[in-house]
Amino acid sequence: MLVLMKSGATPAQIESVCQTIRDLGYAPHPIEGAIRTAVGVTGNKGPIEPSVFTRLDGVADAVPVSQPFKLVSREVKPEDTVIEVGGVKIGGGHVAIMAGPCSVETREQTLSTAEHVKKHGAHILRGGAFKPRTSPYEFQGLREGGLEILAEARDKTGMPIITEIKDTDSLDVVCKYADVLQIGARNMQNFSLLEAVGERDKPVMLKRGLSSTMKEWLMAAEYILSRGNRKVILCERGIRTFETATRNTLDLGVLPMLRATTHLPIVVDPSHGCGYAKGVTPLSRAALALGVDGLMVEVHPEPSKALSDGPQALTFPMFEKLMEDLRGIAGIMGVEL
Ligand code: PEP
Ligand code: MN
């Protein structure tokens with residue numbers, strides 16, 4: 001159920017709606033819009049009689065929400081969500097380029113990559129310090145040491161940093177350094193982790209699970225919003241299909257549907273989406289032309305020596321060319337890069 005307030009509704013009238021929702025044993029979620037406030041209701045098992053709310057002062061209407069996800073849905077919040085981090089806006093026509101190595105390996109590797117991507121127009125530095133690897137024998141990341149290097153790169157370049165949070169045990173240490181928390185594909189349905197980041201006041205980028213439907217992905221995002229954290233970004237990073245020529249199948253086809261269904265910003269990660277460096281630029285161009293709010297790409301000074309995801313890493317000259325191409329498309333799309 002969504003309770004729509006009149007445009008001039010007072011804070012006291014909004015609070016009275018929230019109290020009525022609490023008295024029924026449900027949770028109120030006030031959502032401020034450009035014109036008026038709406039209050040989402042969660043926790044109800046069946047329908048609620050609209051007149052419970054429409055009889056209250058300041059209420060314009062009370063409408064049932066048809067989707068199983070509520071707070072992420074455009075039915076509840078028609079306007080695009082814009083997330084701001086360290087002066088960078090994501091969403092509502094603001095496109096953010098997130099670039100950097102798959103893993104933080106050394107100080108030199110990370111700082112040189114950060115400086116290069118910043119110089120050519122990246123807005124946010126990516127880099128993994130806690131790596132969820134398929135094999136326990138592969139490089140697992142530098143852990144807090146990697147976060148310290150990322151923080152140094154932030155100080156040097158001014159770019160905010162995004163890094164993966166792998167489990168609830170490392171939440172405090174990752175929150176100490178990160179500007180945006182990344183939840184990886186393998187953790188998309190780690191519900192305790194989703195609840196834990198939902199209680200923090202940091203933007204979260206939720207990657208789509210390896211074999212998750214759009215609905216499962218949005219329900220995972222709903223876990224975060226339902227705990228109070230509204231700053232969620234969705235990231236399409238490819239799904240597993242029958243195709244084995246590419247690492248994953250980048251599902252660009254879902255994006256217009258996703259855009260129509262949710263107000264949350266949408267980012268595309270073509271690096272994991274295809275798994276080979278030459279695919280990254282064409283897919284980035286396609287994603288930008290589709291109207292996404294950001295791209296995440298992996299860049300490495302020497303991809304052949306990378307400790308993770310080398311085959312999909314862009315070299316420095318490839319990143320430079322990517323940004324040139326993207327600027328051309330941004331001009332056509334009327335968005336700023
Ligand atoms: C990553 O960003 O390096 C990563 C591990 O991504 P994903 O969770 O999409 O596999
Ligand atoms: Mn990677």
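Here's what I pulled together on the structure shown here. (Residues numbered from 1 in each chain as written. Chains lettered and ligands numbered in written order. Predicted model: local features only at pLDDT ≥ 70, side-chain atom pairs only at ≥ 80, totals over all residues. Heavy atoms only, no water.)

1. Concerning the pattern of salt bridges
Alright, step 1. Applying the stated criterion to the full structure yields 21 salt bridges.
Alright, step 2. The shortest N-O distance in the salt bridge between Arg200 and Asp172 comes to 2.8 Å. Of this pair, Arg200 sits in the loop between helix H6 (191–198) and strand E11 (204–207) while Asp172 sits in helix H5 (residues 171–177), and the two are 28 residues apart along the sequence.
Alright, step 3. When its relative accessible area of 29% is taken as the criterion, Arg200 is described as partly exposed.
Alright, step 4. You can call Asp172 exposed: its relative accessible area is 51%.
Alright, step 5. Put simply, Asp325 and Lys321 hold a salt bridge, and the shortest N to O gap is 2.8 Å. Remark: Lys321 and Asp325 occur in helix H11 (residues 316–333); sequence separation between them is 4 residues, near one turn of the helix.
Alright, step 6. We classify Lys321 as partly exposed; its relative accessible area is 43%. (Salt bridge = Lys/Arg side-chain N within 4 Å of Asp/Glu carboxyl O. Helix = DSSP H or I, 4+ residues; strand = E, 2+ residues; numbered from the N terminus. Buried < 20%, exposed > 50% of the residue type's maximum accessible area, 1.4 Å probe, protein only.)

2. Regarding the coordination of the manganese ion (ligand 2)
Alright, step 1. Each protein donor to the manganese ion (ligand 2) is listed here as Cys102 (SG), His272 (NE2), Glu298 (OE) and Asp309 (OD); together their distances run 2.0 to 2.4 Å.
Alright, step 2. All donors of the manganese ion (ligand 2) belong to a single chain; written as a sequence motif, their spacing is C-x169-H-x25-E-x10-D. With His272 in helix H9 (residues 270–274) and Asp309 in the loop between strand E14 (294–298) and H11, this pair connects stretches of sequence that are 37 residues apart.
Alright, step 3. The class of His272 is buried, set by a relative accessible area of 8%.
Alright, step 4. Classification of Asp309 by relative accessible area gives buried; the value is 18%. (Donors = N, O, S within 2.8 Å, 3.2 Å for Na, K, Ca; no water.)

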